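Here is what each chain is made of, one letter per residue.
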Amino acid sequence: MKTDCQIKQDILDELVFQPNIEENQIGVVVEDGVVMLTGVVDDFSIKVAAKKAVRKVKGVRAVAEDIEIKYGTDYQKTDLEIAKAIVYAFKENTAIPETKIEIEVSDGWVNLSGEVTFPYEKEAAKKATEIILGVKGINNAIVIKPTVNPETIKGKSNLLELEEK
C-alpha cells in the first residue's frame, strides 16, 4: 500500500503532465489516501482536469476539492452571456438534445436539468458547459429516461426464447 507521501508525489507528477494545468496553481494535501486540492485557477476546465488527474492515481480513496475560480477582469462574463454561450454550444453539438435541457445560471454557477434518452447526451451537455468561459461550477441534474421500458425488453426476450423452442 502506498504512503500518503508517495500518493502526493504521484499526484504532483500527474499534474505536471496535464497540458492546461500549471502545477503551482494547485495545492495537494493527502491524509489516509484522502486528497484535498486547493488553489485558485482562472478557468473551470482546469479545475475539472485537476480532479480527473487525481482520480487516475492509484491509492487515492477520496477527493475533496476547494479550488476557487477567479476570472480576470478581461474574462468576466455576466450570467446572461454565460447562458447564451451555453445555448449556442448546445445548438452546435448534435449529441445534445437542446430542447430537452433547461439551463439556469446564477453567479456563474450553471444548473442543467431536464430529461434525455441516453447517458451520452447528459455527458455531452456537461462537457460542452465545462469549456464555457465564466462558468464557476456545474450541477448536472439531467435525468436519463430511456424510451424503451426494461420490462418490455425482458418480455420480448422471453418470447424469442419460446419461439426458438
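Overview of the structure. The structure presented is a predicted model; accordingly, all values stated were derived computationally and were not measured.

## With respect to the overall build of the protein chain
Looking only at helices and strands, the protein chain features five helices and seven strands. Listed N to C, the secondary structure of the protein chain is α-β-β-α-β-α-β-β-α-β-β-α in terms of helices and strands. Every one of the 165 residues in the protein chain was classed for burial, and the buried ones make up 32%. Considering only residue pairs separated by 6 or more positions, the protein chain has 65% of its internal contacts joining residues 24 or more positions apart.

## Notes on the packing of aromatic side chains
The final tally for this structure, using the stated rule, is one aromatic pair. With 5.6 Å between their ring centres and 15° between their planes, Phe118 and Tyr120 make a pair best called stacked.

## Quick look at the pairing of strand β3 (residues 62–69)
Inspection of the sheet shows strand β2 (residues 34–41) paired to β3 by eight bridges, in the parallel sense. By the bridge assignment for β3, Val41 is matched with Ile69. Each parallel crossover has a hand, and the one from β2 via helix α2 (residues 44–55) to β3 is right-handed.

## Structural notes on the layout of surface pockets
Empty pockets left among the atoms are what a rolling probe the size of a water molecule brings to light. Empty space within the largest pocket amounts to approximately 190 Å³. For the largest pocket, the full set of lining residues is Phe44, Lys47, Val48, Lys51, Lys52, Arg55, Glu65, Trp109, Lys126, Glu130, Gly137 and Ile138. Taken together, the elements giving at least two residues each to the lining of the largest pocket come down to α2, α4 (119–130) and β6 (137–140). Counting residues per element, the lining of the largest pocket draws most heavily on α2, at six residues. Here the lining of the largest pocket is composed, by residue class, of four nonpolar, one polar and seven charged.

Criteria and thresholds
Residues numbered from 1 in each chain as written. Predicted model: local features only at pLDDT ≥ 70, side-chain atom pairs only at ≥ 80, totals over all residues. Heavy atoms only, no water. Helix = DSSP H or I, 4+ residues; strand = E, 2+ residues; numbered from the N terminus. Buried < 20%, exposed > 50% of the residue type's maximum accessible area, 1.4 Å probe, protein only. Contact = heavy atoms within 4.5 Å. Phe/Tyr/Trp six-rings, centres within 6.5 Å; stacked < 30°, edge-to-face > 60°. Pairing = 2+ DSSP bridges. Right-handed = clockwise from strand over helix to strand, strands pointing away. 1 Å grid on protein atoms, 1.4 Å probe; cavity = no way out; pocket = protein on both sides within 12 Å on 5 of 7 lines; lining within 4 Å. Points joined across faces, edges and corners; volume = space filled by probe spheres on them. Nonpolar A, V, L, I, M, F, W, Y, C, P; charged D, E, K, R; others polar.

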